[in-house]
Amino acid sequence: MRGIAKLTWVEAKLFCREPLAAFFTLVFPVILLLVFGSIFGNAPVPDYEGFGFVDASIPGYAALIIATSGLLSLSTAVAGYREQGVLRRLHVTPLHPGAVLLAQIVVMFAMTTIGMGLLVAIGRAIFALKCPGSVPLICVGFVFSCLCFFALGIALASAVSSVRTAQAVGMAVFYPMIFLSGAAIPRELLPDGVQRAAAVLPLTHVVTLLRALWIGEAWTAHLGVIGLLTAVAAASSAIAVRSFRWE
Amino acid sequence: MTTRIAVDVQSLSKRYGDTIAAADVSFEVRQGEIFGVLGPNGAGKTTVIECLATLRRPDRGRVRVLGLDPQRDARALRPRIGVQLQSAALQERIKLWEALDLFASFYRRARDWRALLTQLGLAESADIPFGRLSGGQKQRAFIGLALINQPEVVFLDELTTSLDPHARHAIWNLVQEIREQGVTVFLTTHVMEEAERLCDRVAILSRGRIVALDSPQHLVRVFGVGCRISFSAPEPFDVRDLAAVAGVDRVERVGERVIVQGRSDGLVADIVGSLTAMGVRCMDLRAEQATLEDVFIELTGETLRETRTEEECEALRS
């Protein structure tokens, strides 16, 4: 138990020493918010059902951070540790096999949460961000979405053989996904056809769920989305468990 | 008094596809000794060490470390062994002290890592990230991690590969210190000098099989070519006269030089005596004792370079 706690702490320190990962999780979404927020402002517009641009974008940016953590940071961290032999070295210690993954997941979750907190704090301070939804429900939706995408990231790391492949596949999935799902730009700006096609992307459903919770829609109105994300999480976990390798 | 057995391997076999990594390997390691497995790259050394260190399941055979099965009893065994692996790493940006502190937290009876760093000569490097350590420092760090839990047996896989002679000697001293503390050391190497200098007993592994197992000195005495004497003789003489000297196995002339091989203890004196009696002047006389390398070549017909093709080595690694 002490080992897991220590490993988690060390991994948190190592995350902070990796400027690129910290930038994309913590700084990049804030830059997006500041740039687009200052262009479009946060005045209520009919397009966003009476909310402003920033109100409508924050759940999407949250989804963006979640996708960054899961598909880019987590997958390359795990695949990298396997490729370098870090996992191999830890494997001969009494540390429980799952502890390495758990530590990574905890650190990624903490960083994702901090990234989300920064967004909300800056959104409120500068753009008078509105959040009519239930905060506890939003938190549950956030955790649920994280678990789904972290499982996806670990499945990716397990399925590929090298860190380069993990990075390539992660990015190939990540970039179309953040633009088409409505994470990086509000989906109202996309053509209808694209919006419909984006339904195959798991991140689209994360955006749908987080936006719905953010503006206070009943979660029971989105059982289909929740079911879909649960299926993605379950399938990813199954792939990760079946194909995870120490070397 | 009976000697306790730290490692017991009976008929261990392991293959990867068509490549036989270990074939019917059997040996025992006594508690407190330094036991070496010597062989060229691809001989199966790493496979053997991985089967002992809980990382790999043998296809056949019985393996016991401290009386435990490394596969079935891995959880009970891991706290009691220390392992330095050939292809392992730490996180690039982890500081040396953090790594030792971290690994110490995995064990109930961990050593104080500060004292260990000093003993390893790494106290000054405590704040350096792992990725920026030199090869020798990394290797010492790995030995430190292998010792952090005060293990009863340490496994060291190719611990001085790619190190310069100075770093190599420092590591050898370290291994001897480990043994003086009563720890059983199991190491693999393809460096003859390492085996000769460190090991109480050596198993010579060739293409997955043990071809000899004994103390280095005994191996040299039994399998070695004994003594090799060479000298220059400017004036011609019949080298066959030397073949008659007791203990001489072979005499040959290579250009100016005459080479005599034999096994008797007083061979040098006898040869010099014979030459004097024959009135032959000899210059630049040299006598060399056979080494483990001679034994190895004698037993396997191979040098210590790669004896497998690159593809086979690749298959072993994956």
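Residues numbered from 1 in each chain as written. Chains lettered and ligands numbered in written order. Predicted model: local features only at pLDDT ≥ 70, side-chain atom pairs only at ≥ 80, totals over all residues. Heavy atoms only, no water.

Re helix H1 (residues 45-52) of chain B
Because each turn of an α-helix spans 3.6 residues, side chains separated by three or four positions in sequence point in the same direction. All names here are of chain B. Burial runs high along H1: seven of the eight residues are buried. By the burial criterion, the buried members of H1 are Lys 45, Thr 47, Val 48, Ile 49, Glu 50, Cys 51 and Leu 52. Looking one or two residues beyond H1, the residue adopting positive phi is Thr 54, at roughly 70 degrees. (Buried < 20%, exposed > 50% of the residue type's maximum accessible area, 1.4 Å probe, protein only. Helix = DSSP H or I, 4+ residues; strand = E, 2+ residues; numbered from the N terminus.)

Description of the environment of B:Arg78
Structurally, the position occupied by B:Arg78 is in the loop between helix H2 (74-77) and strand S5 (81-84). Taking the C-alpha atoms as reference points, B:Arg78 and B:Ser26, 52 residues apart in sequence, are found 22 Å from one another. Leave out the neighbours within four places in its chain, and B:Arg78 touches A:His91, A:Val92, A:Thr93, A:Pro94, B:Thr54, B:Tyr107 and B:Asn149. Looking at B:Arg78, its side chain comes within polar contact range of the main-chain oxygen of A:His91, at 3.3 Å. (Contact = heavy atoms within 4.5 Å. Polar contact = N/O pair within 3.5 Å; in protein donor to acceptor, adjacent residues only side chain to side chain.)

Let's talk about the interface of chain A and chain B
Between chain A and chain B, the contact holds 25 residues from the first and 30 residues from the second. Summing the contributions of chain A and of chain B, the shared interface buries around 2,600 Å²; its carbon and sulfur component is 56%. When residues of chain A are sorted by the area they lose upon contact with chain B, A:Arg88, A:Arg89 and A:Val92 head the list and together hold 29% of the total. In this structure, the salt-bridge partner of B:Glu98 is A:Arg17, at a minimum N-O distance of 2.7 Å. Joining chain A to chain B, the criterion identifies twelve residue pairs in polar contact (both at pLDDT 80 or more). The set of elements that each furnish at least two residues to the side of chain A that touches chain B consists of helix H1 (2-17), helix H3 (53-84) and helix H4 (86-91) of chain A. Ranked by residues supplied to the side of chain A that touches chain B, first place goes to H1(A) with nine residues. Of the residues contributing to the side of chain A that touches chain B, the split by class is ten nonpolar, six polar and nine charged. (Buried area = accessible area lost by both parts, 1.4 Å probe. Salt bridge = Lys/Arg side-chain N within 4 Å of Asp/Glu carboxyl O. Nonpolar A, V, L, I, M, F, W, Y, C, P; charged D, E, K, R; others polar.)

Let's talk about the nonpolar core
Counting 67 residues, the largest nonpolar core has A:Ile58, A:Phe149 and A:Leu203 as the members making the most contacts within it. Secondary-structure elements contributing two or more residues to this core are H1, helix H2 (19-40), H3, helix H5 (97-127), helix H6 (135-159), helix H7 (163-180), helix H9 (202-214) and helix H10 (223-243) of chain A. Per-element tally for this core: the top contributor is H3(A), with 16 residues. Dropping the residues within four chain positions of it, A:Ile58 is found in contact with A:Leu33, A:Met116, A:Leu119, A:Leu129 and A:Trp214. If you look at the next biggest cluster of nonpolar residues, it comprises 66 residues, including A:Leu14, A:Trp246, B:Leu120 and B:Leu174. (Core = buried A, V, L, I, M, F, W, Y, C linked by side-chain atoms within 4.5 Å.)

A look at the packing of aromatic side chains
Within this structure, the stated rule accounts for 16 aromatic pairs over all chains. Between A:Phe23 and A:Phe24 the ring centres are 5.2 Å apart and the planes differ by 85 degrees, which places this aromatic pair in the edge-to-face class. Consider the rings of B:Phe130 and B:Phe142, whose centres lie 5.5 Å apart with planes at 70 degrees: the pair is edge-to-face. Pair noted here: B:Phe130 is in the loop between helix H4 (113-119) and helix H5 (135-147) and B:Phe142 is in helix H5, with a separation of twelve residues, a long-range link. (Phe/Tyr/Trp six-rings, centres within 6.5 Å; stacked < 30°, edge-to-face > 60°.)

Notes on the sheet that holds strand S13 (residues 283-289) of chain B
What holds strands together in a sheet is hydrogen bonding between their backbones, with the strands either parallel or antiparallel. Residue and element names in this part refer to chain B. Here we have four strands laid out as an open sheet, ordered S11-S12-S10-S13, and antiparallel in their pairing. In this open sheet, the two edge strands, each paired with only one partner strand, are strand S11 (248-254) and S13. Within the sheet, the average angular offset between the axes of one strand and its neighbour, ignoring direction, is 15 degrees. Sheet analysis places strand S10 (residues 227-232) next to strand S12 (residues 257-262), joined by six bridges and oriented antiparallel. Following the sheet pairing, Ile 229 is matched in S12 by Val 260. The strands that helix H10 (residues 267-278) touches are S10, S11, S12 and S13; relative to S10, the one it contacts most, it runs at about 30 degrees. (Pairing = 2+ DSSP bridges. Axes fitted to C-alpha atoms, helices over the stretch in contact; angles between N-to-C directions.)

Some remarks on the domain arrangement of chain B
As far as domains go, chain B holds domain 1 (5-221 + 295-317) and domain 2 (225-289). Each of domain 1 of chain B and domain 2 of chain B has a C-alpha centre, and the two are 42 Å apart. (Domains from an automatic or database assignment.)

Structural notes on the pattern of salt bridges
Residue and element names in this part refer to chain B. Following the criterion strictly, the structure yields 24 salt bridges over all chains and no others. For Glu 252, the salt bridge goes to Arg 250, with nearest N and O atoms at 4.0 Å. The exposure class assigned to Glu 252 is partly exposed, which follows from its relative accessible area of 33%.

Observations concerning the side chain of B:Asp101
In this structure, B:Asp101 sits in helix H3 (residues 96-104). Owing to a relative accessible area of 18%, B:Asp101 belongs among the buried residues under this scheme. In this view, B:Asp101 contacts A:Lys6 and B:Trp113; residues no more than four positions away in its chain are not counted.

Describing the sheet that holds strand S6 (residues 153-157) of chain B
Residues and elements named next belong to chain B. Taking strand neighbours across the sheet as the criterion, the six strands line up as S5-S6-S7-S3-S8-S9 in an open arrangement whose pairing is mixed. Looking at strand neighbours, the two that pair on one side only are S5 and strand S9 (209-214), the edges of this open sheet. Put simply, the sheet's adjacent strands are angled 15 degrees from each other on average, direction ignored. Sheet topology note: the S5/S6 ladder contains four bridges and is parallel. Among the inter-strand pairings, Ile 81 is bridged to a residue of S6, identified as Val 153.

Topic: a nonpolar patch on the surface
Residue and element names in this part refer to chain A. Taken together, the side chains of Phe 23, Val 27, Ile 31, Val 35, Ile 39 and Phe 40 make up a nonpolar region of the molecular surface, amounting to roughly 500 Å² of accessible area. Residue position: Val 27 is located in helix H2. For Val 27, a relative accessible area of 36% gives the class partly exposed. (Patch = residues over 30% accessible without salt bridge, like charges linked within 9 Å, V, L, I, M, F, W, Y side chains within 5 Å. Areas by Shrake-Rupley, 256 points an atom, 1.4 Å probe, with all protein chains shown as cover.)

Quick look at the pairing of strand S7 (residues 184-189) of chain B
Successive residues of a regular strand alternate their side chains across the two faces of the sheet. All names here are of chain B. Within S7, six of the six residues are buried, leaving the element largely enclosed by the surrounding structure. Of the two faces of S7, the one lined by Thr 184, Phe 186 and Thr 188 and the one lined by Val 185, Leu 187 and Thr 189 are each fully buried. Two strands pair when backbone bridges link them, and strand S3 (residues 34-38) and S7 are joined in this way by five bridges, in the parallel orientation. Counterpart to Ile 34 in the pairing with S7 is Val 185.

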